[in-house]
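Take a look at the letters that make up each chain.
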Amino acid sequence: MLLRILGTAAGGGLPQWNCACPGCAGARRAPARRRLHDGLAVHGQEPSSWFLANATPDIAEQLESHPGLRPDAGDTRTPVVRVVLTDAELDHTLGLLRLREASRIEVWATEPVRRALVSRLHLANVLAPYTDLTWHDLPLAGDGPPADIAGVAVGAVPLSAKRPRYAVDEPAHPAWSVALSLHDAHTGGSALYAPALAAWSDAFDKEIARADCVLLDGTFLDDDEPRRTGISERTASGMGHLPIEGPDGTARRLHRSAPTRCYYTHLNNTNPLVDPDDPAHGRLARLGLRVAAERMVISL
Ligand code: MLT
Ligand code: MN
Ligand code: ZN
């Protein structure tokens, strides 16, 4: 299985269009620091067969810039696109609207995520005149067999009842936000993708220990970052993102669980780690942890 990292930024991207914070200004000065919204393309054994984990507002550019994800000269159009969703957040779902040129969009989502997209964002109604939108249940890990998508076994690990802001009044459900567990039976390789980790549960700990590679929520470096930078009155954990460092930070836990490869993704533009010279990179490296790079390809 191949994981292609299509982007590594949280909502807004880097730089964010309306922001001149040090991270955004730095990315305008040094284009190599730019980050697109976080998402993956996953290939199984057959290189021409792939699916997306999340569909970001940048999806068309992300697909276009990766040979292997865009049609070759002489090919017909890409007829079907497959998308697995970790949640119903706008940064992970707005790309579905940009994929409307496909003849068919197949979407795997948990029940509350599908409900929010259909009844709050009206995605099914809006897309119906453009494309055939087909829904599949995303199976919860341990709750029946995983879905076979492009030869990869895909399951969802419930993470939290964190609802998007446009759906905060929807009922709580443990699978509003999930991690994707990806397993290739041919190679035995496995990965866990969790771009929004609100709490570190025992079930999550077990999944981490089993995975060869983890792509984890790196939105904020420390819990006070959103308040200090003025983007929110809440802490990082209050916003549904465990910070990387500090007493409840994920770095120490990841270091203890020690999967072979750990990368942080979904970086907010306030996160000091968007500066490649920030000393926090050295602290993470000493724990065997890194920030995911744009366009990185991971073979498992
Ligand atoms: C999140 O990751 O918490 C959301 O995507 C925030 C947002 O709506 O931009
Ligand atoms: Mn987000
Ligand atoms: Zn900014």
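Residues numbered from 1 in each chain as written. Chains lettered and ligands numbered in written order. Predicted model: local features only at pLDDT ≥ 70, side-chain atom pairs only at ≥ 80, totals over all residues. Heavy atoms only, no water.

1. Focus: the packing of aromatic side chains
Then comes step 1: Under the definition given, this model contains one aromatic pair.
Then comes step 2: Each ring, one from Trp-200 and one from Phe-204, has its centre 5.1 Å from the other, and the planes form 85 degrees; the classification is edge-to-face. Judged on exposure class, the residue Trp-200 and its partner Phe-204 are both buried.
Then comes step 3: Of note, Arg-100 hangs over the ring of Tyr-130, and the distance from its end group to the ring centre comes to 5.7 Å. (Phe/Tyr/Trp six-rings, centres within 6.5 Å; stacked < 30°, edge-to-face > 60°. Buried < 20%, exposed > 50% of the residue type's maximum accessible area, 1.4 Å probe, protein only. Lys NZ or Arg CZ within 6 Å of the ring centre and 35° of its normal.)

2. Overview of the sheet that holds strand S5 (residues 104-109)
Then comes step 1: In space, the seven strands of this open sheet follow the order S6-S5-S4-S3-S2-S1-S14, with mixed pairing throughout. The sheet is open, and its two edges are formed by strand S6 (132-137) and strand S14 (297-299), each paired on a single side. This sheet shows a mean twist of 25 degrees between the axes of neighbouring strands, independent of strand direction.
Then comes step 2: Strands in contact with helix H5 (residues 111-119) are S5 and S6; relative to S6, the strand with the most contacts, it is inclined by about 155 degrees. (Pairing = 2+ DSSP bridges. Helix = DSSP H or I, 4+ residues; strand = E, 2+ residues; numbered from the N terminus. Axes fitted to C-alpha atoms, helices over the stretch in contact; angles between N-to-C directions. Contact = heavy atoms within 4.5 Å.)

3. So, the coordination of the zinc ion (ligand 3)
Then comes step 1: In this structure, Cys-19 (SG), Cys-21 (SG) and Cys-24 (SG) serve as the protein donors to the zinc ion (ligand 3), at separations of 2.2 to 2.3 Å.
Then comes step 2: The motif formed by the donor residues of the zinc ion (ligand 3), counted along the single chain, is C-x1-C-x2-C.
Then comes step 3: With a relative accessible area of 0%, Cys-24 lands in the buried category. (Donors = N, O, S within 2.8 Å, 3.2 Å for Na, K, Ca; no water.)

4. Describing the site of ligand 1
Then comes step 1: Surrounding ligand 1, one finds Glu-89, Asp-91, Lys-162, His-241 and His-266.
Then comes step 2: Between His-241 and ligand 1, the recorded distance is 2.7 Å, taken from a side-chain N or O atom to an oxygen atom.
Then comes step 3: One nitrogen or oxygen atom from the side chain of His-266 is found 3.3 Å from an oxygen atom belonging to ligand 1.
Then comes step 4: Computed on the free molecule, ligand 1 has an accessible area of 270 Å², of which 73% lies beneath the protein chains in the complex.
Then comes step 5: Within the shell around ligand 1, the residues separate by chemical class into no nonpolar, two polar and three charged. (Near = heavy atom within 4 Å. Polar contact = N/O pair within 3.5 Å; in protein donor to acceptor, adjacent residues only side chain to side chain. Areas by Shrake-Rupley, 256 points an atom, 1.4 Å probe, with all protein chains shown as cover. Nonpolar A, V, L, I, M, F, W, Y, C, P; charged D, E, K, R; others polar.)

5. Details of the pattern of salt bridges
Then comes step 1: Taken as a whole and assessed by the stated rule, the structure comprises 12 salt bridges.
Then comes step 2: Between Glu-245 and Arg-283 there is a salt bridge, and its shortest N-O distance comes to 2.9 Å. A residue pair is termed long-range when its members are at least 10 positions apart, and Glu-245 in the loop between helix H8 (225-228) and helix H9 (250-257) and Arg-283 in helix H10 (residues 280-286) qualify at 38 residues.
Then comes step 3: On the accessibility criterion, Arg-283 (35% relative accessible area) is partly exposed.
Then comes step 4: Through salt bridges with shared partners, a single ionic network connects Glu-111, Arg-115, Arg-120, Asp-169 and Glu-170. (Salt bridge = Lys/Arg side-chain N within 4 Å of Asp/Glu carboxyl O.)

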